[in-house]
Amino acid sequence: MTMVETAVAPDMPGSAIPDAPVAVEVRDLHKSFGQLDVIKGVSMTAREGDVVSIIGSSGSGKSTFLRCINLLEIPTSGRVSVGGEEIRMKRDRHGQPVPADWRQVERIRTSLGMVFQSFNLWSHLTVLQNLIEVPVHVLKTPRAEAIERAEALLARVGLADKRHVYPAFLSGGQQQRAAIARALAIQPKVMLFDEPTSALDPELVGEVLKVIRDLADERRTMILVTHEMKFAREVSDQVIFLHKGLVEEEGHPGEMFRNPRSERLRQFLASTQ
Amino acid sequence: MDEILALLALEPPGWGGNLLRGLVSSLEIAFGAYFLGLVIGIGGACGKLWGGETTKAVLDLYTTIVRAVPELVLILILYFAGTDLINLILDYFGREPIDISGLVAGIAVLGVVQGAYSTEVVRGAIQTIPAGQIEAARAYGMSPWLRLRRIILPAMLPFAIPGLGNLWLNATKDTAILAVVGFAELTLETRQAAGSTKRYFLFYIAAGLLYLMVTLVSTYVIGRIEARVRRGLPRHG
């Protein structure tokens, strides 16, 4: 155990390639909803090629933390940088933090492929239309090129024959695979997964995890909020265990899961067995 | 029978041509007012959902008043007070008063009435869209305008079409109220034909059939539109 601890630099626990460029950096992030402090100072560094899993019980703030990275939630304080570019913030006339330039936020969001717990595919568009919507209308990719890439992605997630089907006619597992393909279609720098299997029937979890595992194997940068402990342990380079809005423990998954240092992580892991 | 056909003939002394011209005028006003109302409705719904407090208060006042006051009264107020107001403004700037065409006035007046109802229909429909779909549009970097145009408006249509369809049928019938301000739409033309010939029953039945025809065609078209925009929704529930 001592050997492992000394082998890993303390400021970047378990980074896959320790000197790779930083993809996402979060410093001292706080988020409150009214009187309720949900995130109380969390930092994280994900380098290119890293798979970072964020685990914790419900209410630990892990989803909120993820949603602060693409500003679906506006942090109360702290800094978020994507690809070395910090999201500029200011205060509005009520003293509330707001982005200084929404266009910067919109631009940065197109480099973050988000996958939601409840899929959130656009119901009025077919699967293929869902995949080309952002490339064509936001990124201004030529339509033919966007379609070609989308069809390749659908083939990859095993949905080639469903491209003209509307999302409501797909199973949950198929919808989530389509949603992952939609995220990949924007050619993101980083993939953000917000509990991607939590809304699925148990028998459909495997097909979605397989797609995510393939992405991890090709060293895609990913930040993954999950309840799937076994999966997090297998695919992650770095695990962050959040408890009540703070990092209770972080490090390399093998080490953390084998020898949890904190009592809370021990209890949490025991409860998820 | 020959006499009835003679009365309904398209060429004078028959009155059929007048009735059809009235029908065309009614439809022009209905189309114009409906689309004006739809534009007001989309703007009004966005204002009510995402506007500031002043915007919301003004829109609440607008929809409440328009929906509370009988349409006949509203049309009299808006038509006479509206033209007076415009001419007062023109006079203030030293311009000659103008004669506002019945068509433009009719479209404007009914459009304002339609707009209040459209606002509520569109607002309700937008609120029915699962929030996650709008959130996904935000997460993928769509600007507010793009979100509205590409996601929110098309996604709310299946929920709005029944209400908007009803509003279209109302629009076609509300044109009849414009008879009171002397606009030569179908109902006024019918009254003139009936009054001149004393054949009230014949002409009002004829007008009723024309209105019915408009409704039947509209219902068919609305049904087709509804089926089309509901393609993405599961067929049950």
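Above this text you will find the structure in question.
Quick look at the structure, then. (Residues numbered from 1 in each chain as written. Chains lettered and ligands numbered in written order. Predicted model: local features only at pLDDT ≥ 70, side-chain atom pairs only at ≥ 80, totals over all residues. Heavy atoms only, no water.)

Moving on to the overall build of chain A. A tally of helices and strands in chain A yields 10 helices and 12 strands. The C-alpha atoms of chain A give a radius of gyration of 19 Å, which matches the 19 Å a tight globule of 273 residues would have. For chain A, the C-alpha atoms occupy an extent of roughly 55 × 50 × 35 Å along the three principal directions. Counting every position in chain A, which comprises 273 residues, the buried fraction comes to 55%. For chain A, restricting intrachain contacts to residue pairs at least 6 apart in sequence, the fraction spanning at least 24 positions comes to 64%. Working note: accessible area of chain A is about 12,100 Å², and carbon and sulfur atoms make up 49% of it. Separation between the mean location of the 34 positive side-chain charges and that of the 35 negative ones in chain A comes to 4 Å. (Helix = DSSP H or I, 4+ residues; strand = E, 2+ residues; numbered from the N terminus. Rg over C-alpha atoms; globule rule 2.2 N^0.38 Å. Buried < 20%, exposed > 50% of the residue type's maximum accessible area, 1.4 Å probe, protein only. Contact = heavy atoms within 4.5 Å. Areas by Shrake-Rupley, 256 points an atom, 1.4 Å probe, with all protein chains shown as cover. Lys, Arg positive; Asp, Glu negative; His and termini not counted. Charge placed at Lys NZ, Arg CZ, Asp CG, Glu CD.)

The next thing to look at is the packing of helix 8 (residues 186–197) of chain B against helix 9 (residues 200–229) of chain B. All names here are of chain B. With their axes 8 Å apart at the nearest point, helix 8 and helix 9 run at an angle of 160° to one another. One element, helix 8, and the other, helix 9, form an angle in the roughly antiparallel class. Handedness of the crossing formed by helix 8 with helix 9: right-handed. Contacts between helix 8 and helix 9 pair L186, T187, T190, R191, A193, A194, G195 and T197 from the former with Y200, F203, Y204, A207, L210 and Y211 from the latter. The class makeup of the residues in the contact of helix 8 with helix 9 is nine nonpolar, four polar and one charged. (Axes fitted to C-alpha atoms, helices over the stretch in contact; angles between N-to-C directions. Parallel < 35°, antiparallel > 145°, perpendicular 65-115°, else oblique. Left-handed = near helix turned anticlockwise from the far one by under 90°. Nonpolar A, V, L, I, M, F, W, Y, C, P; charged D, E, K, R; others polar.)

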